[in-house]
Structure formats: C-alpha cells, structure tokens
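Chains, contacts and geometry: an overview
Next come the chains, spelled out residue by residue.
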Amino acid sequence: LIAVALLVAWSMTSLVVIEPHQRAMVLAFGSPSKPLVSFGARDGDEIGPGLHVVLPWPMTEVYVPRSVPEDPDAEAVMTSTGVRVLRLGTNPPKEDEAILWTNEHTVEERYSLVQPAPIGQQNDGSTGSDVAALSLVAVEIPAQYVIDSVRSYDELAQPDHRDTLLDVMGERMLMQFMASQRIDRVLGAQRTELGEQVGRRLSEVFSAMPGADGGTRDAGIEMLHVGVAGVHPPKDAAPYFERVVHAGQLREAKVEAAKEYAARTLNTVAAPIEREDGTVITP
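Conventions we followed
- Residues numbered from 1 in each chain as written.
- Predicted model: local features only at pLDDT ≥ 70, side-chain atom pairs only at ≥ 80, totals over all residues.
- Heavy atoms only, no water.
- pLDDT = per-residue confidence, 0-100.
- Helix = DSSP H or I, 4+ residues; strand = E, 2+ residues; numbered from the N terminus.
- Contact = heavy atoms within 4.5 Å.
- Patch = residues over 30% accessible without salt bridge, like charges linked within 9 Å, V, L, I, M, F, W, Y side chains within 5 Å.
- Areas by Shrake-Rupley, 256 points an atom, 1.4 Å probe, with all protein chains shown as cover.
- Salt bridge = Lys/Arg side-chain N within 4 Å of Asp/Glu carboxyl O.
- Lys, Arg positive; Asp, Glu negative; His and termini not counted.
- Charge placed at Lys NZ, Arg CZ, Asp CG, Glu CD.
- Core = buried A, V, L, I, M, F, W, Y, C linked by side-chain atoms within 4.5 Å.
- Buried < 20%, exposed > 50% of the residue type's maximum accessible area, 1.4 Å probe, protein only.
- Pairing = 2+ DSSP bridges.
- Expected span 1.5 Å × (residues − 1).
- Arc of directions from axis to C-beta.
- Polar contact = N/O pair within 3.5 Å; in protein donor to acceptor, adjacent residues only side chain to side chain.

Bringing the confidence of the model for the protein chain into the picture now. Confidence in the prediction of the protein chain, expressed as mean pLDDT, is 83, and 85% of residues score 70 or more. Of all helices and strands in the protein chain, the one with the weakest mean pLDDT is strand β19 (residues 280–281) (65), whereas helix α1 (residues 2–12) scores best (94). Contacts for the low-pLDDT stretch residues 121–125, under 50 throughout, to residues beyond four places or in other chains number five contacts.

Turning next to a negative patch on the surface. Side chains of Asp43, Asp148, Asp218 and Glu222 sit close together on the surface and give a patch of like negative charge. Position of Asp218 relative to the elements: it lies in the loop between β15 (216–217) and β16 (221–226).

As a further point, take the nonpolar core. Counting residues in hydrophobic clusters, the biggest one holds 34 residues, and the most contacted among them are Leu166, Met178, Val198, Leu202, Phe206, Ile221 and Met223. Looking at this core, the elements that each hand over two or more residues are β2 (24–28), β11 (84–89), β13 (135–147), α2 (150–154), α3 (162–178), α4 (183–187), α5 (191–206) and β16. In this structure, Val16, Ile18, Val26 and Val54 belong to the second largest nonpolar core, which totals seven residues.

Most of β13 sits inside the fold, with 10 of its 13 residues counted as buried. Bridging between β11 and β13 involves six bridges; their strand directions are antiparallel. Across the sheet, the residue bridging to Leu88 is Ile141, located in β13. Pairing between strand β12 (residues 112–114) and β13: three bridges, direction antiparallel. Along β13, the bridge assignment pairs Val114 with Ser135. Summarising the sheet, β13 and strand β17 (residues 230–232) pair through three bridges and their orientation is antiparallel. From the neighbouring strand, Ala138 faces β17, where its bridge partner is His232. Where β13 and β16 come together, five bridges link them in antiparallel fashion.

Okay, α3 next. The α-helix winds at 3.6 residues per turn, so residues separated by three or four positions along the chain end up facing the same way. Taking 1.5 Å of rise per residue, 17 residues should cover 24 Å, and α3 covers 24 Å from first to last C-alpha, within 8% of that figure. Residues of α3 that are buried include every one of Arg162, Leu166, Met169, Gly170, Met173, Leu174, Phe177 and Met178, and no others. The buried side chains of α3 occupy one side of the element, clustering within an arc of 160 degrees when seen end-on.

Let us look at the environment of Val146. Along the chain, the position of Val146 falls in strand β13. Taking the C-alpha atoms as reference points, Val146 and Val85, separated by 61 residues in sequence, lie 8.8 Å from one another. Among residues more than four places away in sequence, those in contact with Val146 are Thr81, Gly82, Val83, Gly220, Ile221, Glu222 and Leu224.

Let us look at the side chain of Arg162. When you line up the elements, Arg162 lands in helix α3. Reaching out from Arg162, the side chain makes a polar contact with the backbone oxygen of Ala157 at a distance of 3.0 Å. Not counting chain neighbours up to four residues away, the residues in contact with Arg162 comprise Tyr63, Tyr153, Asp154 and Ala157.

Laid out in structure tokens, this is it:
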C-alpha cells in the first residue's frame, strides 16, 4: 500500500494546472519541451491556463515567470499575463503635495535634454535661438506592457536583471528621442503625441535587443500603453515661464486699452465707430 501510494503521488506530479493569469514553459531535463497532453491553452513550447500532462518530477519542470513588485518588502507574484509598468524619465510626484511647476515634485528629479524653442526671425529667414544650446525638462512616462513570449523573456537576462535591462534600454531610447524634440512642443499641446511616438520606439527597441552572440533578439514583451503623465521644467526656471504668460496677458490688456482710447478720441471728431464686437459708438 505504501508503494502504491508513493507511485500515485509521484504520478500526480505529471499533472500541471496553469492559473488564468499565468503562462508557463515546460522544461524537460532543462530544455524547452512540449507537454504530453494539453487540456488547456497551448502555443508551441508555451502553455496557458488549463490542465496539462507532462513527464513526472524530476524529469520535467514547469516554469512560470515571476513579477517582481516595486516594493522591496512585497513578495514576487508568479504571473505573466498581468500588466507591468516600466517607469521612464523622472520619478512620479509625491502624493501629499500639490503638483505645481514651482515646487518639488519628487525626491530625485531626472531631467532630459531637449532643443530650445526658436526665438524670432533670423536675417536669413530661418528661426533659431542664440540664448541656449539645450534646455532641461522633466518628463514622467509610465509604459505598460505584458509578456508576449515566456521563452524569449526568460532568455533575455537573469530574473533579477530583466527589469533593470528593460529600464536601461528604455531610458537610453528616451534620452535620444527627447534630444530631438523642442521644449515648446514638449510643454505645449503636442505633448499628447509624445506617448504614441515613445511607444512605437519602445516596441522597436525591445524587438531588437542586443544578444550574446552579437546579433539581436526579441525581448518577448508587448507594449500596451505609453502615456505622458507629467512634463515640467526645473523648479528654478518655472518663474521665467510664468513671466512669459504674464507678459502675453499684459500685452493683450494694453492692446485693448489702446483700442478703447482710440475709440474715445475718434468719437469726438468723427462719425460713429463700429467695434469688433458689433457695438456702435456714436458721437
């Protein structure tokens, strides 16, 4: 009876149940292999949610990637279909303070170099700036992704180094991309387009990661959404941006005051004056 019980227990190790939020890879004697029978999702060497039959232990091992949380005290979760976040650029702002250009957003700001905005018209007809060669701006870009290929993701690097490698490659791409952008476009209305452009470039970078043999390889991940959560200049430079806005408002106020003065002056010597809003001033 003891022998039969041990045999049954050993045979039960050949039954593998993959959870709905998991994808796994079957390793037979350390090499990727296919399950004997699958009653669930299956894609080549990878298996999805459901019941699968493999060779019993220790001949076969079922590998499920672990999602390492940002909190160092939290336990890693065995999941592959869950959404993961890659934070590029500067760190997210503090939750207990107002998010303003004139205060500190986070403990350690990380700035990107961008092109300055053109100032005026040059003699040759082109626009340019003689004030500064580069500008600084802090950009917060969270990139959401999922694992598309367990095998490619597993072979990317050691488990403790995968997120670091993805972060380094993403930061390198972001630094090169931001160096070609102008600060007025990054801070202006076109900032909404930055997320789409960065997402496309991230997909290109992660699909052609450097391999150990000198070639390129796919990282095995799929980008879901890349957005720009926040953009701001350095805190010391924020008042100068506010002066530009204030100067624009002051200019509009002076223009309106001049129009009003011209209307009152002409009212005493000329015919009725029709204003821009449709009202007519009669002498």
